[in-house]
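# Per-entry structural report
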Amino acid sequence: MSKRKSFIFIGIFILVSLLNQAQLNAKHSKFLETMVFPVKNIMSHFYDDWGEIRGNGERVHEGIDIRARKGSPIVAIADGRVNTVSFTQSSGYYIAIDHQNGWLSLYVHLNDDINENDNLGGRQTAFADGIYLGAEVIAGQTIGYVGDSGNAEGTVPHVHFEVRYMGKSYDIYDYIKLSWERFERFIKFPKKMGINLF
């Protein structure tokens, strides 16, 4: 009888775990399927470059580069709280947003130029007004501007866009593509799309 109870307990534990995983997957699917396209520029260009080998074979690219005109607005993909507003030699100016559900979005290589490639802009040309550590942001709110700071200096202006769950980067190209299609439809048919998240 004791073995039978053990098997029943284990069976119930496995069933509950599977149900919790299905609920978790549904929750994350909704988050990813409803995210806003991160660059407010209809001339943006991107492809699935997640996983490409970069830096002379020294590292794997764990994001998607979205190319756009320098200074184009970068927007929050979902509601959240600004987790990081910083600068490093490799990333240049960047922002991270904690979406309070295990997901974090990262926006790297923000603008640092006033004229052409002068590197004189600093924080004023990288970050939007009202963006600071701990600031609450809403989906579609401008948080910064496309550029080429850090090790992207002199390349085509872009934002390295990355989404992490529990600290691990994921390839979300298909979801970015869906958000682009929604953005494109909104630009072409704003009255039919309803709420303006851009």
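Residues numbered from 1 in each chain as written. Predicted model: local features only at pLDDT ≥ 70, side-chain atom pairs only at ≥ 80, totals over all residues. Heavy atoms only, no water.

Secondary-structure assignment places T125 in helix α2 (residues 123-126). As for T125 and D112, which are separated by 13 residues in sequence, their C-alpha atoms are 5.7 Å apart. Not counting residues within four places of it along the chain, the set of residues in contact with T125 comprises N111, D112, D113, I114 and Y145. Polar side-chain contacts of T125 include one of 3.3 Å to the backbone oxygen of N111. (Helix = DSSP H or I, 4+ residues; strand = E, 2+ residues; numbered from the N terminus. Contact = heavy atoms within 4.5 Å. Polar contact = N/O pair within 3.5 Å; in protein donor to acceptor, adjacent residues only side chain to side chain.)

The next point concerns the packing of aromatic side chains. One pass over the structure, following the stated rule, counts 12 aromatic pairs. Measuring from ring centre to ring centre gives 4.7 Å for F87 and Y93, while their planes differ by 55°; the resulting arrangement is tilted. Classification of F87 by relative accessible area gives partly exposed; the value is 35%. Through successive ring pairs, a cluster of aromatic residues spans F37, F46, Y173, W180 and F183. (Phe/Tyr/Trp six-rings, centres within 6.5 Å; stacked < 30°, edge-to-face > 60°. Buried < 20%, exposed > 50% of the residue type's maximum accessible area, 1.4 Å probe, protein only.)

Glancing now at the side chain of T125. Among the residues examined, T125 registers a relative accessible area of 17% and is labelled buried. Among the polar contacts made by the side chain of T125, one reaches the main-chain carbonyl oxygen of G122 at a distance of 3.2 Å.

Turning our eyes to something else, we now look at the nonpolar core. Among the nonpolar cores identified, the biggest contains 38 residues, and I95, Y107 and I143 are the most heavily contacted of them. Beyond its immediate sequence surroundings of up to four residues, I95 is in contact with V82, T84, S105, L106, Y107, L110, F127, I131 and I143. (Core = buried A, V, L, I, M, F, W, Y, C linked by side-chain atoms within 4.5 Å.)

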